[in-house]
2 protein chains.
Amino acid sequence: MLRLSLLTWPVVASLLSLVALCPAPHAEAQPTLLAKVEGDPLPSWNDTAPKKAILDFVEKVTKEDSPDFVPVPERIAVFDNDGTLWCEQPIYTQFAFALDRVKALAPKHPEWKDKQPFKAVLEGDHKALAEAGEKGLVEILLATHTGMTIEEFETTVAEWIKTAQHPRFKRPYTECVYQPMLEVLAYLRANGFKTFIVSGGTTDFMRPWTERVYGVPPEQVVGTTFKTKYVVEEGKSAVVIEPAVDLIDDKAGKPVGIAKFIGRRPIMAFGNSDGDFEMLEYTTTSKGARFGLYVHHTDAEREYAYDRKSHVGKLDKGLDEAPKRGWVVASIKDDWKAVFPPKSSPK
Amino acid sequence: MLRLSLLTWPVVASLLSLVALCPAPHAEAQPTLLAKVEGDPLPSWNDTAPKKAILDFVEKVTKEDSPDFVPVPERIAVFDNDGTLWCEQPIYTQFAFALDRVKALAPKHPEWKDKQPFKAVLEGDHKALAEAGEKGLVEILLATHTGMTIEEFETTVAEWIKTAQHPRFKRPYTECVYQPMLEVLAYLRANGFKTFIVSGGTTDFMRPWTERVYGVPPEQVVGTTFKTKYVVEEGKSAVVIEPAVDLIDDKAGKPVGIAKFIGRRPIMAFGNSDGDFEMLEYTTTSKGARFGLYVHHTDAEREYAYDRKSHVGKLDKGLDEAPKRGWVVASIKDDWKAVFPPKSSPK
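Residues numbered from 1 in each chain as written. Chains lettered and ligands numbered in written order. Predicted model: local features only at pLDDT ≥ 70, side-chain atom pairs only at ≥ 80, totals over all residues. Heavy atoms only, no water.

What to know about the environment of A:A244
Stated precisely, the cut-off is as follows: Secondary structure elements follow DSSP: runs of H or I no shorter than four residues count as helices, runs of E no shorter than two count as strands, and numbering proceeds from the N terminus.
Within the secondary structure, A:A244 is located in strand β4 (residues 236-247). C-alpha separation for the pair A:A244 and A:F226, spaced 18 residues apart in sequence, amounts to 5.6 Å.

Put into structure tokens, the structure is as follows:
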């Protein structure tokens, strides 16, 4: 395993912001892995405070005679992805993808055999990759995520995600999603909420599979974006991804992304790191009933345990501020009965 | 009436692109003015070819056993706003708003009495305003559309649009919408389509009223956007509009906006000008059943007649290309039984 633990979204974000202008298959319709909403809508949550807080909040904003009633169109809930809806350890899934892409693209780039940081990726040379530093990582991202049409990129992601497996759990990444959060998504939608993903990962990397996995359609996915341009060639049209960043959807970029793409202030926000702080703050510092929740990674046995000192998904300021701001902190160890969905039976 | 006929979206777009960085009430839940979808779903359309083309297309993509069947999540339809969903003559409604805002803000800007182009607006001095030229118009836009929170701006729009009236039709602008197109919006939604607005006007100007008027919620409005930033002061958070353009959602900017905000290629597109050409092209140059329609303004008596030589809503290239590309051209005079919704009875 390459050691990329230093590669956090804020680091990537600051890297990407330095990058100046250089030179899809549709998601499937049938959401799978979604929890059933019969009887207990949150069966994978223990009967502890966080579950009660979610149920109480939804009840008070959906009961017509409640002083906190919120009309259906304003029931907007936003979810971070990495570490909130799916596992982000030991490295972000999107970086596992980027590294695999370097290997897959290598035959078309014979020069990579002798050129860092690609050489390091191809040889599994952790030391050389570390030495390539931030500049090297940006090169990897640009080489694997830009310079093609969005539809080409999305096809590549869709194919990769079908077969790639999490190194520890030996399951597709799309099964390393949190069953309790799938239940929250389904429960909120059953109560008239529109659910959005607001993630530091790139939009194009998420859209090919979020509808199938989370029931969140592409048009409800807000993420980091590259600049694009419209091209027409021989009667065919496409939107091409350019090697320059448009929006970095992390930290203060999350409220910006929400205002731009959604255009309403959410009433519920779910995150797991300091990168989500501003999203929870923006959601909860306005009039009316508001709800913020942090997933706290406390379970090294069933998943991972990390917070204040982690390079991936650092949760430090958020842990201090949550109690002051009335945000719920859900401990995976204490509050989740299950972490991942049951394994599907072999076909 | 100030003569602003030269102010087309492309002109505004090119102006805005020159601007470098210098220094909401929620939409209502109940769509009004929406057509009933019982019996004939398009009662305000004459029984001519365009109506038949719309009905035939929707039938073939929604019938399960049709070779052109399209699953519900992929039924994306995009609509230009100015000149396609509501009247854009004699000047864009958004510019009528901008001029009214200059007048409303004048007491807070005593210097405007002696400063062009504001002086010209305040004095109704058409000649001086024309002399202020493009630079002057940009100054007006920035002074009236940026430098406040999105929620403040949206409140201003919502209040203005309640009372402002179209100069010729003497009705609120939100009643100078096209009844036949309201029927198309409702008909498509009844058939599982998700309807989006993709307009050269600014997103923040449309979102406060599109849900009430068109049944299109804020999160399905794609438009020209300004850059924004997140600010927190004394425990309150907001997203502030900065005086710099982010996306110019016109011409080739429309496919870019669609790919960015919607993330799926639409299967139906409705426009009325060359500014919509690339949107129709992007929609119709891909596999599967595709539909493009231009509203052709041919009715000087009931609305306006303009096309190839108009400064607002110029339709020239589109008229030539439509027949070659199989796009429908709907003539207001010949194909629309009614133009605007019936006047509501006085309260």
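Picking up after the structure, the text goes on.
Examining the packing of helix α3 (residues 93-105) of chain B against helix α5 (residues 126-145) of chain B
All names here are of chain B. For clarity, the threshold we go by: Note on geometry: axes are C-alpha line fits, over the in-contact stretch for helices, and angles between N-to-C directions span 0 to 180 degrees. By the definition adopted for this analysis, an angle is roughly parallel if under 35 degrees, roughly antiparallel if over 145, roughly perpendicular if from 65 to 115, and oblique otherwise. We call two residues in contact when some of their heavy atoms are within 4.5 Å. For this classification, the nonpolar set comprises Ala, Val, Leu, Ile, Met, Phe, Trp, Tyr, Cys and Pro, the charged set comprises Asp, Glu, Lys and Arg, and every other residue, Gly included, is treated as polar.
In contact at an axis separation of 9 Å, α3 and α5 are set at 70 degrees when each is read in the N-to-C sense. Judged by the inter-axis angle, α3 sits roughly perpendicular to α5. On α5, the residues touching Q94, F95, F97, A98, R101, V102 and L105 of α3 are I140, L141, A143, T144 and H145. The residue makeup of the contact of α3 with α5, split by class, is 8 nonpolar, 3 polar and 1 charged.

What to know about the packing of aromatic side chains
Worth spelling out the cut-off: For Phe, Tyr and Trp, where Trp contributes only its six-membered ring, two rings pair if their centres lie within 6.5 Å, and the inter-plane angle classes them as stacked under 30 degrees, edge-to-face over 60, or tilted in between. Type-normalised accessible area, obtained with a 1.4 Å probe on protein chains alone, sets the label of each residue: buried when under 20%, exposed when over 50%, and partly exposed for intermediate values. Think of it as a cone above the ring: NZ of Lys or CZ of Arg counts as a charge over the ring if it is within 6 Å of the ring centre and within 35 degrees of the ring normal.
In total, this model carries 41 aromatic pairs over all chains according to the counting rule given. For the ring pair A:W112 and A:F118, a centre distance of 4.2 Å and an interplane angle of 5 degrees mean the geometry is stacked. Pair check on accessibility: A:W112 and A:F118 agree, each one buried. With a centroid separation of 6.0 Å and 15 degrees between ring planes, the pair formed by A:Y178 and A:F340 is classed as stacked. One end of the pair, A:Y178, is in the loop between α6 (150-163) and α7 (179-190); the other, A:F340, is in the segment after α12 (332-335), with 162 residues separating them in the sequence. With a relative accessible area of 0%, A:Y178 lands in the buried category. Here the aromatic residues A:W45, A:F169, A:Y178, A:Y304, A:W336 and A:F340 are joined through ring pairs into a cluster of three or more. Here the guanidinium or amino end of B:R168 rests over the ring plane of B:Y304, the centre of that ring lying 4.9 Å away. Here the guanidinium or amino end of B:K317 rests over the ring plane of B:F277, the centre of that ring lying 4.1 Å away.

Remarks on the interface of chain B and chain A
Inclusion rule: Values labelled buried area give the accessible surface lost by two parts on being combined, using a 1.4 Å probe and summing over both. For salt bridges, the criterion is a side-chain nitrogen of Lys or Arg within 4 Å of an Asp or Glu carboxyl oxygen.
Contact with chain B, which involves 39 residues of that partner, is made by 39 residues of chain A. Where chain B abuts chain A, roughly 3500 Å² becomes buried across the two surfaces, and 48% of that area is made up of carbon and sulfur atoms. The interface formed by chain B and chain A contains 10 salt bridges. Two residues, A:E219 and B:K194, come together in a salt bridge whose shortest N-O distance is 2.9 Å. Listing elements by their share of the side of chain B that touches chain A, those giving two or more residues are α6 (150-163), β2 (194-202), β3 (221-233), β4 (236-247), α10 (253-261) and α11 (277-284) of chain B. A total of 5 residues in the side of chain B that touches chain A trace back to one element, the largest contributor, which is α10(B). A breakdown of the residues in the side of chain B that touches chain A according to their chemical character gives 19 nonpolar, 7 polar and 13 charged.

Details of the confidence of the model for chain A
Residue and element names in this part refer to chain A. Our working definition: Confidence scores labelled pLDDT are given residue by residue by the predictor and lie between 0 and 100.
Predicted confidence across chain A gives a mean pLDDT of 90, with 88% of residues reaching 70 or more. For the stretch residues 17-37, pLDDT sits under 50, and the model shows 54 contacts to residues farther than four places along the chain or on other chains. Interface predicted TM-score (ipTM) for the complex: 0.89; the corresponding pTM is 0.90.

Digging into the nonpolar core
What counts is decided by this rule: Nine residue types can take part in a nonpolar core, namely buried Ala, Val, Leu, Ile, Met, Phe, Trp, Tyr and Cys, and a core is a set of them joined through side-chain atoms within 4.5 Å.
Ranked by size, the top nonpolar core spans 204 residues in total, and within it A:L188, A:Y214, A:M268, B:L188, B:Y214 and B:M268 carry the most contacts. The contact partners of A:L188, leaving out residues within four places of it in the chain, are A:V58, A:A77, A:F79, A:F193, A:T195, A:M268 and A:F270.

A few points about the sheet that holds strand β5 (residues 268-271) of chain B
Residues and elements named next belong to chain B. The test is simple: A pair of strands is labelled paired if DSSP reports no fewer than 2 bridges between them.
Pairing is mixed in the open sheet, where 7 strands are placed in the order β4-β3-β2-β1-β5-β6-β7. Bordering the open sheet on either side are β4 and β7 (328-331), each of which pairs with just one other strand. Between one strand and the next, the sheet's axes are offset by a mean angle of 30 degrees, whatever the strand orientation. With 4 bridges joining them, strand β1 (residues 76-79) and β2 adopt parallel strand pairing. From the neighbouring strand, I76 faces β2, where its bridge partner is K194. Contacts between helix α7 (residues 179-190) and the sheet are confined to β1, β2, β5 and β6 (291-296), with β1 contributing the most and set at about 165 degrees to the helix.

Focus: the relation of the copies chain B and chain A
Stated formally: Here the copies are superposed with least squares, the fitted atoms being C-alpha atoms of residues at a pLDDT of at least 70 in both.
For the match of chain B to chain A, the screw axis carries a shift of 0.0 Å, the RMSD comes to 0.0 Å, and the turn is 180 degrees. The symmetry that links the two subunits is that of a two-fold axis. Considering only C-alpha atoms, the residue of chain B closest to the rotation axis is B:F261, which sits at 3.3 Å.

Remarks on the side chain of A:T146
Residues and elements named next belong to chain A. The line we're drawing: N or O atoms within 3.5 Å of each other form a polar contact, as long as, within protein, one can give a hydrogen and the other can take it, and as long as residues adjacent in sequence are counted only when both atoms are side-chain atoms.
With respect to the helices and strands, the residue T146 is situated in the loop between α5 (126-145) and α6. For T146, a relative accessible area of 8% puts it in the buried group. Polar side-chain contacts of T146 include one of 2.8 Å to the backbone oxygen of L142. Discounting residues that sit within four places of it in the chain, T146 has contacts with L141, F226, I241, E242 and P243.

Some words on the packing of α3(B) against α6(B)
Residues and elements named next belong to chain B. α6 packs onto α3 with a crossing angle of 105 degrees between their chain directions and a minimal axis gap of 11 Å. Taken together, α3 and α6 sit at an angle that is classed as roughly perpendicular. Residue-level contacts link T93, A96, F97, D100 and R101 of α3 to F153, T156, V157 and W160 of α6. Per-class residue counts for the contact of α3 with α6 are 5 nonpolar, 2 polar and 2 charged.

A short note on the pattern of salt bridges
In total, this model carries 48 salt bridges over all chains according to the counting rule given. A salt bridge links B:D80 to B:K254; the shortest N-O distance between them is 3.0 Å. You can see B:D80 sitting in the loop between β1 and α3 and its partner B:K254 sitting in helix α10, a full 174 residues away along the chain. A relative accessible area of 4% means that B:D80 is categorised as buried. Each of A:K194, A:R264, B:E211 and B:E219 takes part in salt bridges that share partners, so that together they form one network.

Here we look at the sheet that holds strand β2 (residues 194-202) of chain A
Residue and element names in this part refer to chain A. In space, the 7 strands of this open sheet follow the order β4-β3-β2-β1-β5-β6-β7, with mixed pairing throughout. Both outer strands of the open sheet, β4 and β7 (328-331), are each paired with one neighbouring strand and no more. Within the sheet, the average angular offset between the axes of one strand and its neighbour, ignoring direction, is 30 degrees. The pairing of strand β1 (residues 76-79) with strand β5 (residues 268-271) spans 3 bridges and is parallel. Counterpart to F79 in the pairing with β5 is F270. With respect to the sheet, α7 is in contact with β1, β2, β5 and β6 (291-296), its orientation differing from that of β1 by roughly 165 degrees.

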